[in-house]
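A structural walkthrough
Now for the letters of each chain:
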Amino acid sequence: DTAVSQTPKYLVTQMGNDKSIKCEQNLGHDTMYWYKQDSKKFLKIMFSYNNKELIINETVPNRFSPKSPDKAHLNLHINSLELGDSAVYFCASTPRGFDEQYFGPGTRLTVT
Amino acid sequence: DAKTTQPTSMDCAEGRAANLPCNHSTISGNEYVYWYRQIHSQGPQYIIHGLKNNETNEMASLIITEDRKSSTLILPHATLRDTAVYYCIVDYGGSQGNLIFGKGTKLSVKP
């Protein structure tokens, strides 16, 4: 069974579109995250979400909005996609902030 | 910004120990040292973490200096599958637990 899963694995779309990436974890963890890895391979935290409390990273444009229908899911919705949004997006979860984080396989987003 | 400094790349012969250094001279008393790795095109994988004492698990050992300003990750018997980018991360481990990744060390294990 996959601990942290993401769909889709690949997403190609045009500028200006709105898209969502889904993340699910079956580990019973309380905290989930979204990370972005750009073309230079830098991996940066975007959001963390702990038991319905959303912690927003100030460097993330408000076009990005995480949505959590329940504790096992943290979806990432992106409005008005831009070329610079092209990257690999990773979801992760952890039982507690100082425990190990489990990462999903990533979603490669390409904006044309 | 990442609080750690790591060599850009290292090579290791298969079957030998891989020792990956990390400097974190500005670490504070309540910050943990975490190690993750990322094998090509996959999500990062947790390896080990520690606060003050040396730690060992089934994957690796973590040696933290007494002043906590540097640490070394040891893979005792490197295999080709250990080829990856290894990230040393310092984090206070609070409720957010936001990991700040640096550039990491690209470890190449060669036959």
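These numbers come from a predicted model, not from an experiment. (Residues numbered from 1 in each chain as written. Chains lettered and ligands numbered in written order. Predicted model: local features only at pLDDT ≥ 70, side-chain atom pairs only at ≥ 80, totals over all residues. Heavy atoms only, no water.)

Turning next to the environment of P111 of chain B. Residues and elements named next belong to chain B. Note that P111 resides in the segment after β9 (105–110). The sequence separation of P111 and E14 amounts to 97 residues, and the corresponding C-alpha distance is 5.2 Å. Other than its neighbours up to four places away in sequence, P111 contacts E14 and L80. (Helix = DSSP H or I, 4+ residues; strand = E, 2+ residues; numbered from the N terminus. Contact = heavy atoms within 4.5 Å.)

What follows is about the pairing of strand β7 (residues 70–75) of chain B. Residues and elements named next belong to chain B. The pairing of strand β2 (residues 18–23) with β7 spans six bridges and is classified as antiparallel. Looking at β7, one finds that A18 is bridged to L75. Between strand β6 (residues 61–64) and β7, which pair antiparallel one after the other, the connecting turn spans five residues, and R68 there sits at a positive phi close to 65°. (Pairing = 2+ DSSP bridges.)

Here the focus is the interface of chain A and chain B. Chain A puts 20 residues into the contact, and the matching count from chain B is 20 residues. In total, chain A and chain B occlude about 1,600 Å² of area from one another, counting both sides; carbon and sulfur atoms represent 53% of this. Taken together, the links from chain A to chain B amount to zero salt bridges. Where chain A packs against chain B, one counts two residue pairs in polar contact (both at pLDDT 80 or more). Looking at the side of chain A that touches chain B, the elements with two or more residues in it are β4 (31–37) and β5 (43–50) of chain A. (Buried area = accessible area lost by both parts, 1.4 Å probe. Salt bridge = Lys/Arg side-chain N within 4 Å of Asp/Glu carboxyl O. Polar contact = N/O pair within 3.5 Å; in protein donor to acceptor, adjacent residues only side chain to side chain.)

Residue and element names in this part refer to chain B. Applying the stated criterion across every chain, the model contains two disulfides over all chains. The disulfide that involves C22 links it to C88, with 2.1 Å between the sulfurs. The disulfide joining C22 to C88 has a torsion of about -80° about its S-S bond and is therefore left-handed. Residue C22 is located in strand β2, and its partner C88 is located in strand β8 (residues 84–91); the two are separated by 66 residues in the primary sequence. A residue is classified by how much of its surface remains accessible, and C88, at 0% relative accessible area, is buried. (Disulfide = S-S within 2.5 Å. Buried < 20%, exposed > 50% of the residue type's maximum accessible area, 1.4 Å probe, protein only.)

What follows deals with the nonpolar core. Grouped burial of nonpolar side chains is what soluble globular proteins tend to show. Core analysis: the largest hydrophobic core is formed by 21 residues, its most contacted members being W35, L73, Y86 and L107 of chain B. Sorting the residues of this core by element identifies β2, β3 (32–38), β4 (45–50), β6, β7, β8 and β9 of chain B as the ones contributing at least two each. At four residues, β8 of chain B tops the list of elements feeding residues into this core. Look past the residues within four positions of L73 of chain B in its chain and what remains in contact with it is A18, N19, L20, W35, I47, I48, A60, S61 and Y86 of chain B. Of all hydrophobic cores here, the second largest spans 20 residues; its members include V4, I21, C91 and V111 of chain A. (Core = buried A, V, L, I, M, F, W, Y, C linked by side-chain atoms within 4.5 Å.)

Turning to the sheet that holds strand β1 (residues 9–13) of chain B, a few remarks are in order. Strand pairing in a sheet is mediated by backbone hydrogen bonds. Such pairs are either parallel or antiparallel. All names here are of chain B. If you trace the five strands from one edge of the open sheet to the other, you get β1-β9-β8-β3-β4, paired in mixed fashion. One side of each edge strand has no neighbouring strand; the edge strands of this open sheet are β1 and β4. Going from strand to strand, the sheet's axes swing by 25° on average, the running direction of each strand aside. Across seven bridges, the pairing between β3 and β8 is antiparallel. By the bridge assignment for β8, V33 is matched with V90. (Axes fitted to C-alpha atoms, helices over the stretch in contact; angles between N-to-C directions.)

This brings us to the packing of aromatic side chains. Any pair of aromatic rings gets described here by the distance separating the centres and the angle formed by the planes. Considering all chains together, one arrives at ten aromatic pairs over all chains under this definition. Pairing Y33 of chain A with Y35 of chain A gives two aromatic rings, centres 6.1 Å apart and planes at 40°, and the pair type is tilted. Aromatic side chains F103 of chain A and F101 of chain B sit 6.2 Å apart centroid to centroid with 80° between the ring planes, which places their arrangement in the edge-to-face category. Here F103 of chain A, found in strand β10 (residues 102–103), pairs with F101 of chain B, found in the loop between β8 and β9, and the two come from separate chains. Residue F103 of chain A is classed as buried on the basis of its relative accessible area of 12%. The structure contains a cluster of three or more aromatic residues connected by ring pairs, namely Y33, Y35 and F103 of chain A together with Y36, Y46, Y87 and F101 of chain B. (Phe/Tyr/Trp six-rings, centres within 6.5 Å; stacked < 30°, edge-to-face > 60°.)

All names here are of chain A. Residue position: T94 is located in strand β9 (residues 87–94). Judged by its relative accessible area of 0%, T94 is buried. Separated by 2.9 Å, the side chain of T94 and the backbone oxygen of E100 make a polar contact. Beyond its immediate stretch of four places on either side in the chain, T94 contacts H29, D30, T31, Y33, D99, E100 and Q101.

On their own, these measurements won't tell you what the molecule is for.
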